[in-house]
Amino acid sequence: MKKFLIQLSLFLTIVIALNYIYIFYIDNLPQNAKSSKNAIFIWGDSQTCQGLNLKMMKELTGKYIYSSAKHGAGIYDFLVFADKVPENSTVLVAISKPVQLRKLNKDRNLSGTSLFSLIQLYENNYSSSDIYSIFQKNLIPINFYEVSTKLNPCKDSLNYKSQILIYKNIFSQIPYYLNDKQNLYLEGIKKLKNKKCKINFIEFPLHPMAIELLNNSEVRDATNQLNTKILALFNNSTLDTIPIDNSTNIMSDFSHLNKCGANQITRLLIAKLNNNLNTTLYVTKFDPK
């Protein structure tokens, strides 16, 4: 019996050791080990996935484009991004209003294991069960970066009725966790700043009807305060507007661009970035003309 217990203990020790090796070494897959040289690293949620043409960005900048923007990406995913991005990188971050308001259990939380990220969640009022659930979910390594995404097709019209109901609900009230989420995004940005990354931000457009719903809610000021806090982290920062032409429909729904809109914003953004010296938050707005 004693021999069996010793063997079982040894077996469990080996399993645990291999598990940690798997998590902390194999999780850093070769395709996830990118150089900061001549590259742009991107983070965002589905707005970013559908809002930028990555191949066009590569052509216009002559740089490698590595995007970890994913549908449903949330705060844990951003913290992992900040942890994984190499030092001295050029970074583009999009923290949308919907991603700030999204329920905690609706975030993707699937970007690999990061001790830094888990600790940040613990220090910002995430429950032990939520943290453990995220940890378990990320035991299997993933391909962290994409170099191309499938954009939504251009279309002439939208289903307004269904979208109005969805966004009325999203903008109905300030969620209890909003302040914690915003603090965590700021911690991730500080991590990138400490890595001496060149950071810029972009806010993708909402459909005019969604903007009207937002402007008539208390959520607007609560989410806008994050932009103010972000810019305050940098000595030289600016807020800039990217006017976009919507004489033809550029939206796939109330918060996602179609391919026509993504191509337009990609061109306009790159023109801005090529002449940019300060840390800048680019806010895209429909041109009133």
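Residues numbered from 1 in each chain as written. Predicted model: local features only at pLDDT ≥ 70, side-chain atom pairs only at ≥ 80, totals over all residues. Heavy atoms only, no water.

Once that is clear, we can look at the overall build of the protein chain. Counting its secondary structure elements, the protein chain contains twelve helices and six strands. Here the contacts in the protein chain between residues at least 6 apart in sequence split such that 89% fall between residues at least 24 apart. When the accessible surface of the protein chain is split by element, carbon and sulfur atoms take 54% of a total near 15000 Å². (Helix = DSSP H or I, 4+ residues; strand = E, 2+ residues; numbered from the N terminus. Contact = heavy atoms within 4.5 Å. Areas by Shrake-Rupley, 256 points an atom, 1.4 Å probe, with all protein chains shown as cover.)

For the rest of this paragraph, the subject is the side chain of Gln 50. Along the chain, Gln 50 falls in the loop between helix 2 (46-49) and helix 3 (54-61). A polar contact of 3.2 Å, which involves the side chain of Gln 50, links it to the backbone oxygen of Lys 150. Those residues in contact with Gln 50 that lie beyond four places of it in its chain are His 71, Lys 150, Leu 151, Asn 152, His 256, Leu 257, Asn 258 and Ala 262. (Polar contact = N/O pair within 3.5 Å; in protein donor to acceptor, adjacent residues only side chain to side chain.)

Once that is clear, we can look at the state of the cysteines. What the rule picks out here adds up to one disulfide. Two residues share a disulfide in this structure: Cys 154 and Cys 260, whose sulfurs sit 1.9 Å from each other. In this structure, the disulfide formed by Cys 154 and Cys 260 twists by about 120 degrees around the S-S bond and is classed as right-handed. Placement of Cys 154 in the loop between helix 7 (128-137) and helix 8 (160-170) and of Cys 260 in helix 12 (residues 259-273) is noted, with a sequence separation of 106 residues between them. A residue is classified by how much of its surface remains accessible, and Cys 260, at 36% relative accessible area, is partly exposed. (Disulfide = S-S within 2.5 Å. Buried < 20%, exposed > 50% of the residue type's maximum accessible area, 1.4 Å probe, protein only.)

Leu 54, Met 56 and Met 57 are the residues of helix 3 that are buried. For helix 3, the buried positions fall inside an angular range of 155 degrees around the axis, keeping them on one side. In helix 3, the exposed positions that point more than 90 degrees away from the buried face belong to Lys 55 and Glu 59. On the buried face of helix 3, the contacting elements are strand 1 (39-43), strand 2 (64-67) and helix 12. (Arc of directions from axis to C-beta.)

Evaluation of the coordinates by the stated rule reveals one cavity of 30 Å³ or more. Quantified by volume, the largest cavity comes out at close to 50 Å³. Lining the largest cavity are Val 93, Ala 94, Ile 95, Phe 201, Ile 202, Glu 203, Asn 227, Ile 230 and Leu 281. For the lining of the largest cavity, the elements supplying multiple residues, two or more each, are strand 4 (198-203) and helix 11 (219-232). Per-class residue counts for the lining of the largest cavity are seven nonpolar, one polar and one charged. (1 Å grid on protein atoms, 1.4 Å probe; cavity = no way out; pocket = protein on both sides within 12 Å on 5 of 7 lines; lining within 4 Å. Points joined across faces, edges and corners; volume = space filled by probe spheres on them. Nonpolar A, V, L, I, M, F, W, Y, C, P; charged D, E, K, R; others polar.)

Further remarks concern the nonpolar core. Core analysis: the biggest nonpolar cluster contains 42 residues, and Phe 78, Phe 81, Val 91, Val 93, Ile 95, Leu 121 and Leu 192 have the highest contact counts within it. Considering each element in turn, this core owes the most residues, seven residues, to helix 4 (residues 75-84). Setting aside its immediate chain neighbours within four residues, Leu 192 contacts Phe 78, Phe 81, Ala 82, Val 85, Val 91, Val 93, Cys 197 and Ile 199. In terms of nonpolar packing, the next biggest core, distinct from the first, is built from 32 residues, Ile 40, Ala 94, Leu 101 and Tyr 167 among them. (Core = buried A, V, L, I, M, F, W, Y, C linked by side-chain atoms within 4.5 Å.)

Right, let's talk about the pattern of salt bridges for a bit. All chains considered together, the criterion is met by nine salt bridges. Lys 181 is the partner of Asp 107 in a salt bridge, and the nearest nitrogen-oxygen pair spans 3.3 Å. Here the residue Asp 107 occupies a position in the loop between helix 5 (97-101) and helix 6 (115-123), and Lys 181 occupies one in helix 9 (residues 178-194), the gap between them amounting to 74 residues. Each member of the pair Asp 107 and Lys 181 is classed as buried. Between Lys 272 and Asp 240 there is a salt bridge, with the nearest N and O atoms lying 3.0 Å from each other. You can see Lys 272 sitting in helix 12 and its partner Asp 240 sitting in strand 5 (residues 237-244), a full 32 residues away along the chain. (Salt bridge = Lys/Arg side-chain N within 4 Å of Asp/Glu carboxyl O.)

Right, let's get into unusual backbone geometry. Positioned with a positive phi, Asn 38 is a non-glycine residue whose angle comes to about 55 degrees. Mapped onto the elements, Asn 38 comes out in the loop between helix 1 (2-26) and strand 1. On the accessibility criterion, Asn 38 (36% relative accessible area) is partly exposed. Unusually for a residue other than glycine, Lys 196 sits at a positive phi of about 65 degrees. Along the chain, Lys 196 turns up in the loop between helix 9 and strand 4.

Note that every value here comes from positions in space, so none of it alone points to a role or purpose.
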